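So the chains spell out like this:
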Amino acid sequence: MAEIDKSLPNVKRPDEEVAEIVNLEEETPKGPVEITEDETGATIDFDPHAISMPEEGDPFANLNDLLPEDITNKIGGRLQNDYLEYKVSRADWERAYIVGLDLLGFKYENRTEPFQGASGATHPVLAEAVTQFQALAYKELLPADGPVRTQVMGASNPMKEQQAQRVKNFMNYQLMDQMKEYEPEFDQMLFYLPLAGSTFKKVYYDDLLGRAVSKFVPADDLVVPYTATSLDDAEAVIHVIKISENDLRKQQVAGFYSDIELNKPQGTVTNKLEEKEREVEGITKSQRVEPMYTLLECHVNLDLEGFEDVGPDGEPTGIKLPYIVTVEEGSRKVLSIRRNFAPNDPLKNKIQYFVHFKFLPGLGFYGLGLIHMIGGLSRTATAALRQLLDAGTLSNLPAGFKQRGVRVKDDAANIQPGEFKDVDTPGGNLKDAFVFLPYKEPSATLLQLMGIVVQAGQRFASIADMQVGDGNQQAAVGTTVALLERGSRVMSAIHKRLYVSLKQEFKLLADVFKTYLPPEYPYDVVGAQRNIKVADFDDRVDILPIADPNIFSMSQRISMAQTQLQLAMSNPQMHNMYMAYRNMYSAIGVKDIDRVLPPPPPNQPKDPAIEHIDALGMKPFQAFPGQDHRAHVTAHMYFMATNFVRNNPSVTASLEKNILEHISLMAQEQVQLEFQQEFQVLPQMQQAAVQNPQMQQQLAQISQKIEARKAILIAEMTEEFMKEEKAITSQFDHDPLLKLKQREVDLKAMDTERKMKEDQNRINLDKAKLVQNREITDDKIQQNEELANLRADTAIEKSLISADVKLTSDRMKAKDVKTLKGPRS
């Protein structure tokens, strides 16, 4: 039995596969009807007295049963004509998709050109890109624990946190446990998406199943006008549904569709795209196929007289309202007309049931897939691969010409390796009787060209394995991040588009749950019982995919966690090392992290003796409100006066830090007692100060007064602490061993200071030497340049002098020759 598709509240809809295009002539309606068509829809005017008004209390009644047949026939004919026009407008996109399916290489082609048995192999660069994208996206977008996470909107509190947790648990329970079709269809969608460039999801409530449904709709089953840029602004969205004759009859009897006599389906007629998909999958048409009806579920805007939009004055506004009209394509009969807006919506906005998933944004409504983007590269790689294989075949099995008159005995039998056959030849050498065609070995240049083409396709699709850090494990963090970003730009952008579409799908699912769930819905899970409330699906909780929009693969997640750990280890004092290691374990997929990496115990109030032990062991400890701060301070000062602690500056520093914490807490508690009334009204004043500037000034004055009093108390307590410390320390000053030890410490400090000064002087001397050497080097370079310029000038002058001497000599010789020739003449 065909599955029931519910596209409206309290309404069931059939949802099946692809549509056929049957070009029928438009029927001419009869009666007092006037239809005005434009780009945004149709206005239908008819005699209002010929219509029975719908039953009250059912806002989604089938209006088709209330309209005259000539009106509905006109609507059906026009909508089918629109459907055919929209199909023609996307013909180029569909043609590229059909031709590109051959590049997957699912079928081996038996070729007879250029010779019988030529290679029909297809290079798998396109199939590799598609399967790797599908594997990456499936794992990231649909983890085993569920794809939904939630976050609290606005200020967080325990009630909102519990609400967000309930919504997250329920939606993951529905998607991964109750909606059996969700996971396999989502997997199938991720395979179609990189091929076609666009896929769709249809979210609705199914009365037959009694739950929400999110169905995968291929791009060839959803047709929109060529002027549309998105589903939200599309004036028409046509979903092509196929349903068997028996299932359609069930829906007519149930009242979902009008009980109209339809022509018998002529058989399963498929379009070119469906035929190509079946051919690629290796499916042949069987003779025993149940005939199927093709339904066009049209989400359009109509202005129906009698059901028109009415203004405050009670007059029609002429605004077209959203409807869902279902037309049987073969007969152009309208089966149902239902409103597509909520009854309590004053704006009558269209209810959206579809979500568009795009691989790459195209020039129009439909996206572009790998077929459109690297189809040419895949075709080139396939051609190069076939040429290489054909060249190898011809080279290994050469052919040629033989001289007429040469006869080979048993020439029908193949010559086996190592076998010689007798040849009858009229005379002469045997090698002169045969001429082999000049077949070459496979070209190395062609092989290199194929490699370049394949690398270009892989680089565009980002399917090449990212060798981040290979060969240089000590690479800088910035270098690693740059390499990671360079190798993941395309996939990262695609992943973000999927993230946005998935978020929109979850929003539609939440609206379905909010509409059809009872006020409180209990449900059972493994080992527990939970419940969800309809009030939980409100604006206080935002529903998001659990996937990170900036991370699309496990290798990228591990690389980022590794980089984070590397940065934390460079300066552990500034970082939370526990979280750095925990993020690393989470990135590599460890489940029971707490067993491998126990969380650090939370800090608890301790007595002074335990704090002294922690100070000696270099463990952190802190002061807490409510402790006896003076007792802690006194205990620490007596412990600091001991010989061992006085000779350990690190222990003394940790105790001094804790004493100052106790002083701060004592001052804070004292201020709260003195300003008890102010602290009671402080929260209300903070809330009121958001919108009241005068209240902000009063709040600032009270805060300044409290902080000033706290500072005075801290100063007084610090002075008291210094006096008490001196009094306790003076009790130990008479100890000669302690004085000797103190003198030794002072001498070591002086020696350390002297060494620091010597080191600084040595550094300054080295710097001076470097500066001097640089100046000497610069002087030498300048002298060499001047000497070179001088030599060049000297060489030029010498050449000029030589030229002048030669010219003078030539003139004198010419004069002598002329003198000698003169008397003779």
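It should be emphasised that the depicted structure is a prediction, and the values quoted were computed from it without experimental measurement. Sequence order sets the numbering: in each chain, residues are counted from 1 along the sequence as written. For this predicted model, a pLDDT threshold of at least 70 governs which residues receive local features, and a threshold of 80 or more governs which side-chain atom pairs are given and counted, while totals over whole chains, interfaces and linings are taken from all residues. Hydrogens and waters are ignored; side-chain quantities use all the structure's heavy atoms.

Trainee: Requested: an account of the packing of helix α16 (residues 629–640) against helix α18 (residues 649–674), with residues and values cited.
Mentor: Simply put, an axis is a line fit to the C-alpha atoms, just over the touching stretch for a helix, and the angle between two N-to-C directions goes from 0 to 180 degrees. Numbering of helices and strands runs from the N terminus, with a helix taken as a DSSP run of H or I at least four residues long and a strand as a DSSP run of E at least two residues long. Relative to each other, α16 and α18 sit at 160 degrees, their axes nearing to 9 Å. With respect to each other, α16 and α18 are oriented roughly antiparallel. Relative to α18, α16 is oriented so that their crossing is left-handed. Residues His629, Arg630, His632, Val633, His636, Met637, Phe639 and Met640 of α16 touch α18, and the partners they reach there are Thr652, Leu655, Glu656, Asn658, Ile659, His662, Leu665, Met666 and Glu669. Residue polarity follows a fixed list, in which Ala, Val, Leu, Ile, Met, Phe, Trp, Tyr, Cys and Pro are nonpolar, Asp, Glu, Lys and Arg are charged, and the others, Gly among them, are polar. Broken down by class, the residue content of the contact of α16 with α18 amounts to 8 nonpolar, 6 polar and 3 charged. Should an angle fall under 35 degrees it is taken as roughly parallel, and over 145 as roughly antiparallel, whereas 65 to 115 is taken as roughly perpendicular and any remaining angle as oblique. Each helix crossing is assigned a hand: it is left-handed if the near helix lies turned anticlockwise from the far helix by less than a right angle, otherwise right-handed if that turn is clockwise. Residue contacts follow a heavy-atom distance rule, with two residues in contact if any of their heavy atoms lie within 4.5 Å.

Trainee: Pulling in residues and values, what's your account of the packing of helix α8 (residues 370–396) against helix α9 (residues 444–461)?
Mentor: It is at 9 Å that the axes of α8 and α9 come closest, and there the two elements cross at 160 degrees. By the angle between their directions, the pair α8 and α9 is classed as roughly antiparallel. Of the two elements, α8 crosses α9, and the hand of that crossing is left-handed. Contacts between α8 and α9 involve Leu370, Met373, Ile374, Leu377, Thr380, Ala381, Ala384, Leu385, Gln387 and Leu388 from the first element and Leu446, Leu447, Met450, Val453, Val454, Ala456, Gly457, Phe460 and Ala461 from the second. Of the residues contributing to the contact of α8 with α9, the split by class is 16 nonpolar, 3 polar and no charged.

Trainee: Can you explain the environment of serine 443? Please cite residues and give values.
Mentor: With respect to the secondary-structure elements, serine 443 resides in the loop between β15 (434–436) and α9. Between N or O atoms, a polar contact is any pair within 3.5 Å; within protein, one atom must be a potential hydrogen donor and the other a potential acceptor, and residues adjacent in sequence are included only when both atoms are from side chains. Within the structure, serine 443 has its side chain in polar contact with the backbone nitrogen of threonine 445 (distance 3.2 Å).

Trainee: Account for the sheet that holds strand β4 (residues 198–206), naming residues and giving values.
Mentor: A pair of strands counts as paired when DSSP detects no fewer than two bridges linking them. With antiparallel pairing, the 3 strands of this open sheet are ordered in space as β5-β4-β11. Strands at the two margins of the open sheet, each flanked by one partner only, are β5 (211–218) and β11 (354–358). Each strand of the sheet is rotated relative to its neighbour by a mean of 25 degrees, with strand direction disregarded. As paired strands, β4 and β11 are joined by 5 bridges and run antiparallel to one another. By the bridge assignment, lysine 201 is partnered in β11 with valine 355. The strands that helix α5 (residues 182–196) touches are β4, β5 and β11; relative to β4, the one it contacts most, it runs at about 155 degrees.

Trainee: Residues and numbers for the nonpolar core, please.
Mentor: Working definition of a nonpolar core: buried Ala, Val, Leu, Ile, Met, Phe, Trp, Tyr and Cys residues. They are joined through side-chain atoms within 4.5 Å. Think of it in three bands: with a 1.4 Å probe and only protein chains considered, a residue is buried below 20% of the maximum accessible area for its type, exposed above 50%, and partly exposed in between. In terms of nonpolar packing, the biggest core is built from 74 residues, with Met171, Phe506, Leu509 and Phe537 touching the most fellow members. Top element by residues in this core is helix α11 (residues 489–516). It accounts for 10 residues. Ignoring anything within four residues of it in the chain, the contact list for methionine 171 reads Val148, Phe506, Leu509, Ala510, Phe513, Phe537 and Ile543. Core analysis: the second largest hydrophobic core is formed by 27 residues, Ala615, Phe621, Met640 and Phe675 among them.

Trainee: Before we move on, can you summarise the layout of surface pockets with the specific residues and values?
Mentor: Each pocket or cavity is described by its volume, and for the largest pocket that value is around 910 Å³. Method remark: on a 1 Å grid restricted to protein atoms, a set of points is classed as a cavity if a 1.4 Å probe fits but cannot get out and as a pocket if it is open with protein on both sides within 12 Å along at least five of seven lines; lining residues have an atom within 4 Å of a point. Around the largest pocket, the lining comprises 24 residues; the ones closest to its centre are Glu140, Pro143, Arg557, Ser586 and Ala587. Contributing elements (two or more residues each) for the lining of the largest pocket: α3 (125–141), α4 (158–178), α12 (554–570) and α13 (577–587). Counting residues per element, the lining of the largest pocket draws most heavily on α12, at 5 residues. The residue inventory of the lining of the largest pocket, partitioned by class, reads 12 nonpolar, 5 polar and 7 charged. Grid points are joined across faces, edges and corners, and a volume is the space filled by probe spheres set on the points.

Trainee: Summarise the pairing of strand β7 (residues 236–244); cite the residues concerned and give the values.
Mentor: Among the 9 residues in β7, 9 count as buried, and that is most of the element. Taking every second residue as pointing to the same face, both faces of β7 are buried, with Ala236, Ile238, Val240, Lys242 and Ser244 on one and Val237, His239, Ile241 and Ile243 on the other.

Trainee: For the confidence of the model for the chain, give the residues involved together with the corresponding values.
Mentor: The predictor attaches a confidence to each residue, and that confidence, scored 0 to 100, is pLDDT. Chain-level pLDDT for the chain is 79 on average; 80% of the residues reach the 70-or-more range. Least confident of the elements in the chain is helix α10 (residues 477–486), whose mean pLDDT is 53; most confident is β11, at 94. Within the model, pLDDT remains below 50 along residues 48–53, and this stretch shows 11 contacts once partners closer than five positions in the same chain are excluded. In the predicted structure, residues 464–473 sits below a pLDDT of 50 and forms 7 contacts with residues beyond four places in sequence or in another chain.

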